[in-house]
Amino acid sequence: MILPIVAYGDPVLKKKAKDITKDYSNFDSLLENMFETMYNAFGVGLAAPQIGLPVRLFLVDTTPFAEDEDLSQVEQKALNGFKRVFINAKIVKEEGDEWAFNEGCLSIPDVREDVFRKPKITIEYLDENFDEQKESFDGLIARVIQHEYDHIEGILFTDKLSSLKKRLIKGRLTNISKGKITVDYRMRFPDQKKRR
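Predicted, not measured: the structure shown is a model, and the values here were computed from it.

Describing the overall build of the protein chain
Within the protein chain one finds four helices and nine strands. Counted from the first residue to the last, the protein chain has its helices and strands arranged as β-α-β-β-α-β-β-β-β-β-α-α-β. In terms of C-alpha radius of gyration, the protein chain reaches 16 Å, essentially the compact-globule figure of 16 Å for 196 residues. Counting only C-alpha atoms, the protein chain reaches 50 × 40 × 30 Å along its principal axes. Sequence separation of 24 or more characterises 67% of the internal contacts of the protein chain that already satisfy a separation of 6 or more. As displayed, the protein chain has an accessible area near 10,800 Å², and 48% of this comes from carbon and sulfur atoms.

This is the structure:
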C-alpha cells in the first residue's frame, strides 16, 4: 500500500523518534508499505517519520545511483542492489573530511541543496529480523544512511544549510507546507486548508 509522505512543516519531522521492539504492530506490512511508498516516489531512502510514525526505522535502496555515469565502476557496483532496513540505528562514528553533495528529500519536493557530510560512518542497528549489526559505510551509501538517520533524530537536510540559504528557500518551504506544489506521489501537507 502506498502511504502519503508527510510534507515539510509537519511536527513529526522535527521529533526525535523512539526505539521499536520485535512485537511492533504489523511490522512486516509496514516495511512492505514503506518500500512500496519509496519506490513509487522514486526515492533512495525513506524514514518512518516521513510517513507520520515517530519511530526509529528507515530503509534505503541506493540502486538508482548505480546508473550515475560520473561515478567509478567500483562505486556503481557498491550502490547497485544495496538495500537495507535500519531499526533503532545509532551512528557511533563519522570520519573524514566533509564533502558536499546535492541532496533532496521526498518530504521537501523540488528543493535541492548542497549538504556537507563526513564520507565514512560506522553504525549499529537491528536488521529486519531484529538481529544486531555493526557496519561501516562510505561514499554515497554513507550519505544516504546519514540523511535517513537524521530523519529519526528530527533533523532535515535544510537544517544543515547556511542562514543565507535558509532565507533564500523560505518561501518555497512555506509553499510546500501549504500544499502549493505539484508532486507525482501522495503527500500529506500540514498547513493545507481543510476543504469542505
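Concerning the packing of aromatic side chains
Within the structure shown, the criterion is met by eight aromatic pairs. For the ring pair Phe82 and Phe137, a centre distance of 5.4 Å and an interplane angle of 75 degrees mean the geometry is edge-to-face. On the criterion of sequence distance, the pair formed by Phe82 in the loop between helix 2 (73–79) and strand 4 (83–95) and Phe137 in strand 8 (residues 132–138) is long-range, its members being 55 residues apart. On the accessibility criterion, Phe137 (8% relative accessible area) is buried. Relative to Tyr125, the ring of Phe86 lies with its centre 4.4 Å away and its plane at 50 degrees, an arrangement referred to as tilted. Of this pair, Phe86 sits in strand 4 while Tyr125 sits in strand 7 (residues 120–126), and the two are 39 residues apart along the sequence.

Here we look at the environment of Gln192
Its place among the elements puts Gln192 in the segment after strand 9 (187–188). Judged by relative accessible area, Gln192 falls into the partly exposed class, the value being 27%. As a C-alpha pair, Gln192 and Ser177 span 15 residues in sequence and 7.1 Å in three-dimensional space. The contact partners of Gln192, leaving out residues within four places of it in the chain, are Ser177, Lys178 and Gly179.

What to know about the nonpolar core
Generally speaking, a soluble globular protein has its nonpolar side chains buried in company with each other. Residues Met34, Leu46, Leu57, Leu59, Ile87 and Ile108 are the most contacted members of the largest nonpolar core, which totals 38 residues. Among the elements of the structure, strand 1 (5–6), helix 1 (27–40), strand 3 (57–61), strand 4, strand 6 (108–117) and helix 4 (163–177) are those that each provide at least two residues to this core. It is helix 1 that contributes the most residues to this core, six residues altogether. When near neighbours in sequence (up to four residues on either side) are disregarded, Leu59 contacts Leu31, Met34, Phe35, Met38, Val44, Gly45, Leu46, Arg84, Val85 and Glu148.

Let's talk about the pairing of strand 3
Counting buried positions along strand 3 gives five out of five residues, so the element sits mostly inside the fold. Both faces of strand 3 are covered, namely the face carrying Leu57, Leu59 and Asp61 and the face carrying Phe58 and Val60. Across three bridges, strand 2 (residues 45–47) lies against strand 3 in antiparallel orientation. Counterpart to Gly45 in the pairing with strand 3 is Val60. Sheet topology note: the strand 3/strand 4 ladder contains five bridges and is antiparallel. Considered in strand 4, the bridge of Val60 is made with Arg84.

Criteria and cut-off values
- Residues numbered from 1 in each chain as written.
- Predicted model: local features only at pLDDT ≥ 70, side-chain atom pairs only at ≥ 80, totals over all residues.
- Heavy atoms only, no water.
- Helix = DSSP H or I, 4+ residues; strand = E, 2+ residues; numbered from the N terminus.
- Rg over C-alpha atoms; globule rule 2.2 N^0.38 Å.
- Contact = heavy atoms within 4.5 Å.
- Areas by Shrake-Rupley, 256 points an atom, 1.4 Å probe, with all protein chains shown as cover.
- Phe/Tyr/Trp six-rings, centres within 6.5 Å; stacked < 30°, edge-to-face > 60°.
- Buried < 20%, exposed > 50% of the residue type's maximum accessible area, 1.4 Å probe, protein only.
- Core = buried A, V, L, I, M, F, W, Y, C linked by side-chain atoms within 4.5 Å.
- Pairing = 2+ DSSP bridges.

Purely geometric numbers; function is a separate question.
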